[in-house]
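# Breakdown of the fold
Here is how the chains run, residue by residue.
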Amino acid sequence: MSATSRYSGSVHVALPSTQTVAADTPAPRAKDYLSWALVLVLAGAQVQHFTAGFRLTADDVMFHFWLLQGFPELWNQTWAAAVNQGRIGHLAIVPMNAIAGYFADSFEIRLLVVLLYFASFLIFSLYISKVIRSNISLPLFLILITLHPLAYYHLPPTSYPLHLSVALFFLLVCRLSVWHLRWKPGGRSRAIFPEAMFALLFAVCMTTSEYMFVVGTALMAVEWSATYFWRRSEGNLNGRNVAKGIMLDSRLGLDALAVAVSLVAYVSFRLIHPSEYTGNTADGLKNIQAFSVTLIKHVYAGTPLPYLGRVIFQSPSEQWLLAACFSISTFGVALASVRSLSRLRAPWFVALASMMFAAYVTAPIAAGARFQEWCMGTVQCAYLDSRLSYFGVALAIVAGIAALTRWFSAGRLNAVLTAMVCAALAVLAGLTYLQNWNRAEDMRDLVSAWERASRMACGREAGSVDDTSLLAF
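What you see is a predicted model; the values in this text were computed from it and never measured.

On to helix α2 (residues 58-68), then. Think of an α-helix as 3.6 residues a turn; residues three or four steps apart then line up on the same face. Taken residue by residue, α2 has D60, F63, H64, W66 and L67 as its buried positions. The arc that holds every buried residue of α2, seen down its axis, measures 160°, which confines them to one face. For α2, the exposed residues set more than 90 degrees away from the buried face come down to A58 and L68. In the stretch just after α2, G70 is the one whose phi turns positive, near 105°.

This is the structure:
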């Protein structure tokens, strides 16, 4: 078979036996359905903690105050914020955060916000499994769910409730949908309209913030790197020919066009309205030490490790019992799904690429002198990017486990090592559960002021009581 072939006006390198890149996914078994059901139960246990807090930062309170004054005032303030920071994406992000913050008194609204946030974990797990052609969606989703810390600072969804969630969800849906259109069994879809629409939505999502732009470009880099790897390994083809075929592929051109549209929109707005805000500039890039320390601390802050303080050991006995159940369930699912990781190709390379992903999405923030000043003098420092780097860290953990299980591929030692790794994950998951419960209780105390104010404002007798009674209440 020739090294290159024509398809719909594009040039690409043909695979030896198929024109598709299908995921290496075995048929699901009853045990897999049970494991997925148990993971969803674990996810529900974590979701309840993330519904506790709202309006926890000064910005959240400010957004809420803007909407209290009406939509015209909200739009005026939104435009002023977008112009001040040179961020066209604020025209969508600020109103979404304001609306979510305004209705955050409602538990149902908070629940929807948190479910949307956690849904990105599931979409990401399914998408990565397709890209790397290995069915790791269950263990990856398990780690994303069970090791996800609830914390203060500027970490969604309890702060900036929709700043990342909406755009990230649709960004991942776009990439997963496009992947199915391009590489589904039976060949690429001949209908260009669906791909074009997903590309447009992808561009819009990337324009909402710098965070989404770096995540979008990172996902594209991972996707096309994986395409290069599979074309070359399965076809035993020359790397230069494979690279040439990819560079001339119209699908890569469509992705590049989406990036260009997003970049032009962002840069044009920034040129017309130069930023007066130091938080979106790379003025600290020359300070290599501060940049490196800030980057590492931001990635680290996305994991549960910096939050596992002594307070968790003061938790009541019933919470220790629930944490033990959480750990046992995590251990069972991990043990049942870890064997599927043995089919992951080049696990060390996947782990390295995952950590590069985490560093890449954090680098723009770490390059700012404002964030370097925050981090250099503190043990913990976290920001919105810490939530995004967590995706790379979780995937690196999965790949690392896969590498270990393949290293000791047979014998009793492999079984012992697998059990030890699963047990370590289970213990960390249980401690994370306790930490999240304690932090949720702390948040409930803080937001009780909002709840009392709401009861006071909406109570029938609120207008008739005197100032002394109001203050006492």
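This paragraph deals with the state of the cysteines. Under the defined criterion, the tally for this structure stands at one disulfide. With a sulfur-sulfur separation of 2.0 Å, C375 is cross-linked through a disulfide to C381. Every disulfide takes its handedness from the sign of the S-S torsion; for C375 and C381 that torsion is 110°, giving right-handed. In this structure C375 comes out as buried when scored by relative accessible area, which is 0%. Taking relative accessible area as the criterion, C381 reaches 7% and is therefore assigned buried. With no disulfide of its own, C174 lies 5.3 Å from the sulfur of C205, the closest cysteine sulfur.

Looking now at the side chain of T418. Mapped onto the secondary structure, T418 falls in helix α17 (residues 412-458). Looking at T418, the relative accessible area reads 7%, which means it is buried. With sequence-adjacent residues up to four places away left out, T418 is seen in contact with L335, V338 and T405.

Parameters and conventions
- Residues numbered from 1 in each chain as written.
- Predicted model: local features only at pLDDT ≥ 70, side-chain atom pairs only at ≥ 80, totals over all residues.
- Heavy atoms only, no water.
- Buried < 20%, exposed > 50% of the residue type's maximum accessible area, 1.4 Å probe, protein only.
- Helix = DSSP H or I, 4+ residues; strand = E, 2+ residues; numbered from the N terminus.
- Arc of directions from axis to C-beta.
- Disulfide = S-S within 2.5 Å.
- Contact = heavy atoms within 4.5 Å.

Just distances and angles here, no functional claims.
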